[in-house]
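# Structural overview
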Amino acid sequence: MKALTQGRYLGRDGEAALFDVGLGATLAVRILEGDIGRVTLKPRDGYRLDRGWSIAPGGLEPPYEGRPRDSLEGFACPQASLVKSDGKVVLSTAGLSAEVTLSPFGIAWFRAGEDKPFLQDRTTQAYLMSPRTGALAHYMARDYTERHYGLGDKAGPLDRTGRRFAIDAVDPCGFDAELSDPLYKMLPFFIVDGPVGAHGVFYDNLSTGSVDFGCTLDNYHGLFRSWKGDDGDLDYYVMAGPMVPDVVKRFSWLTGGQAFAPLWSYGFGVTSMAIADAPDADARISDFIGKLETHRIPCDSFHFGSGYTQIGHRRYAFNWNRDKFPDPKATMTRLNEAGIFTVANLKPCLLDDHPRLQEALAGDFLVRDGDSGEPAVAQFWDGLGFHLDYTNPRGRAWWRNGIETALLDYGFSVVWNDNNEYEIWDEDALCDGDGRPFRQALARPAQALLMTKLSHETQAARAPGKRQYAITRGGCAGISRYAQTWSGDNETAWKTLRYNLTQGLNMSLSGMFSIGHDVGGFHGPTPGPELFVRFNEFCALWPRMVMNSWNDDGVVNLPWMYPEMVPQVRQALALRYRLMPYLYTQMWRASRDGIPAVRPLLWDFPQDATAVRTDDAFMLGPDVLVAPVLEEGATQRIVYLPAHPGGWYDGHDGRHFAGGKLATVAAPLGRLPVFLRAGALIPLGDATGISAEREVLTCGLVEGATGELYEDDGETADWRGDGTPTIRLRVRNGELAIETGSSGGGAVDRIGIRSVEEGGLL
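Residues numbered from 1 in each chain as written. Predicted model: local features only at pLDDT ≥ 70, side-chain atom pairs only at ≥ 80, totals over all residues. Heavy atoms only, no water.

### Considerations on helix 9 (residues 529-539)
An α-helix turns once every 3.6 residues. As a result, residues three or four positions apart point the same way. What counts is decided by this rule: A 1.4 Å probe rolled over the protein chains alone gives each residue an accessible area, and that area as a share of the maximum for its type sets the label: buried under 20%, exposed over 50%, partly exposed in between. Under the scheme used here, helices are H or I runs from DSSP no shorter than 4 residues and strands are E runs no shorter than 2 residues, and both carry numbers assigned from the N terminus. Any pair of residues with heavy atoms lying within 4.5 Å of one another is described as a contacting pair.
Of all 11 residues in helix 9, 9 are buried; the element is thus mostly enclosed. Listed as buried for helix 9 are Leu531, Phe532, Val533, Arg534, Phe535, Asn536, Glu537, Phe538 and Cys539. Buried-residue contacts for helix 9 involve helix 8 (494-509), strand 36 (516-519), strand 38 (544-547) and helix 10 (566-578).

Written out as structure tokens, the structure is:
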């Protein structure tokens, strides 16, 4: 690569400042909002990829063909002043300014009223590009006290400082939650938090690359962090913060926010490779329904693994194995009558002997090899195959028809978009691009995003007026507009609990708010009784709770797999359903306001240095601190409770603890340690998930304390509309007042009131 060290100011393009940085490239600096800046590098011959799919400011949905890279639609683009002096150019608005040094070329970003930059390019060779290969690099100065978060579903600790991560996606079945890299998603967004506050950087680049948070040291350059792209364009957005929540909310806004899923999707769900793969799969599903009733286990969804599509041992999208499922509609009816919604696993690769492959070949809507014009060959799970091209309108129409006729017509509610990492390693693979072809290597994760968008829209067309959600494993920034996701095919190991926790927190900080983990672990040795129960506890208070497994010995993770542990599993589920009104309200806020339900302690307690360093517990909304047991053999839990006026209450027995100190509580199997913030007003539901009765748990009546309950029919698409049913909770004159919101709300006469001192949550 060649360093771009010298800049020459060219003038204005609207509110942007343009610079010649050599090699025929032009760099534009813009301020899009009072707290969002943007830097775009355009090579001599134009962009490598002139469009993208991640940017959707305020929910402004990009079309399938992509949003033009030069588009400013959806941004305020405030009037900016420009001052030139002493080899510098300063572009300023009311809230943000960019100081551009021409030699050596670099940019420093300042918030209004601050004299130190919150983000500064390193002063030695900050920008590099390769006219030959298309590779790019951006280097920023780093302070040794800064912490780094984000990058989506990456493994390891909460603070990513000192690590280097690949921006890439594979299918790492049974991954090590501490060390494996890459995983499933490609999301080059990170947050830096340090002495001058927090800021975020997002690279709108869908090629492979890497992000380095100080793993590389080079004496010639001082401390730095970097982003590298193997191809594509340098087009990055700067979010000024100044706090971590400000960055996360702004990034969520920038990429279109989080879909608000229907209520049932937050209930407990089950799937297993082994059930759908079994020759007697239909009978096993009937047995599953019966055992739910026998063991009194609430369950809202059953997720069909891809075994329903099998011919022999291979899997074929849109095929039904009629030996295992003689009457698919009858199977769905049995599940629906038991109150269980159904989810269909669907994979985007057509194997080389797929029964409908000739249709795809005739329609010419598979990703193809740019040299031969033939479909690009990829290694897939069951053998070689060809991937559908979702940038081809004929392909989308064919796929939509498949979803309608092979899935929705049989009674499926939701599509689970799986194995969509698009591991096509053919460097000449070509996408249709809606009539403007581009190389697959420039936008692999866009295929997963468009696959998920298509399933979401197809479902919505079948049920107008009802909220929809999809599920996806792969993708890029923007998938949250349509989908729930999860940490992937985790290993059945104790350290999975420890590092799935931090993996999930970083996913939340990366704009993916509807997340969870495979309960029990997906792959590896069958979890023993203790690990299995701890997995259920650990997963009980994440937005997604689905038990999923493909154990080495074929044993299926099911709630009753250890009969002696059924009461403990039932207890974990009871806690989830008891807190469901609170969780549902927090997920509504996540979609409405860009505030994740699950977040690290640093979100709510940024001034508490110990809370900032805590990564073995998490907050569920502002009021519930969750401290899962993460170590084998432990029967108690020691957890740091952040400094807070009034302290905290044990969620099980109501015992009071002071804030700013360590607390030790008993944690026998089946008891997930949770703590409730003093002054909190927490809406509760029925622990069995059956009754519609509601209760408010008061955690000490603190004058002026407020709370909220969002209570709709669980599926209305008009959740932002005038009929939004909210119930306001507030303490006035030492008493709790329960009021319907200004826009309407549920009945308040069926809401009971109970104090935490009377015994906690259950």
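Having seen it, we continue.
### Notes on the packing of aromatic side chains
We count it as follows: Aromatic rings from Phe, Tyr and Trp, with only the six-membered ring used for Trp, were paired whenever their centres fell within 6.5 Å, and each pair was classed as stacked if the ring planes differed by under 30 degrees, edge-to-face if by over 60, and tilted otherwise.
Per the counting criterion, the structure on display carries 48 aromatic pairs. With a centroid separation of 5.8 Å and an interplanar angle of 50°, the aromatic rings of Tyr584 and Tyr710 are classed as tilted. Here Tyr710 lies in strand 50 (residues 706-710) and Tyr584 lies in helix 11 (residues 580-593), a separation of 126 residues in the sequence. Judged by its relative accessible area of 0%, Tyr710 falls in the buried class. Measuring from centroid to centroid gives 5.8 Å for Phe657 and Phe675, while their planes differ by 80°, and the two rings are edge-to-face.

### Quick word on the UniProt feature "domain: Glycosyl hydrolase family 31 C-terminal" (unreviewed entry) in the protein chain
We apply this condition: UniProt positions are given in the numbering used here, feature names are shortened, and annotations may be inferred rather than shown by experiment.
Summarizing the sequence annotation, UniProt attributes the feature "domain: Glycosyl hydrolase family 31 C-terminal" (unreviewed entry) to residues 594-682 in the numbering used throughout. Split by type, residues 594-682 is 10% helix and 35% strand. Its first and last C-alpha atoms lie 20 Å apart.

### Section: the pairing of strand 20 (residues 224-229)
Stated precisely, the cut-off is as follows: Pairing between strands is defined by DSSP: at least two bridges between the two strands are required.
Here strand 20 lies mainly inside the structure; 5 of its 6 residues are buried. Note that strand 14 (residues 136-141) and strand 20 share 6 bridges and pair antiparallel. Of the residues in strand 20, the one forming a bridge with Ala137 is Lys228. Sheet topology note: the strand 19 (residues 209-212)/strand 20 ladder contains 4 bridges and is antiparallel. What sits directly across from Ser210, in strand 20, is Lys228.

### Regarding the environment of Phe412
Position of Phe412 relative to the elements: it lies in the loop between helix 6 (393-407) and strand 31 (414-417). Considered as a pair, Phe412 and Leu351 are 61 residues apart in the sequence and their alpha carbons are 23 Å apart. For Phe412, the contacting residues outside a window of four places in its chain are Phe304, Tyr308, Trp320, Met332, Thr342, Val343, Ala344 and Leu407.

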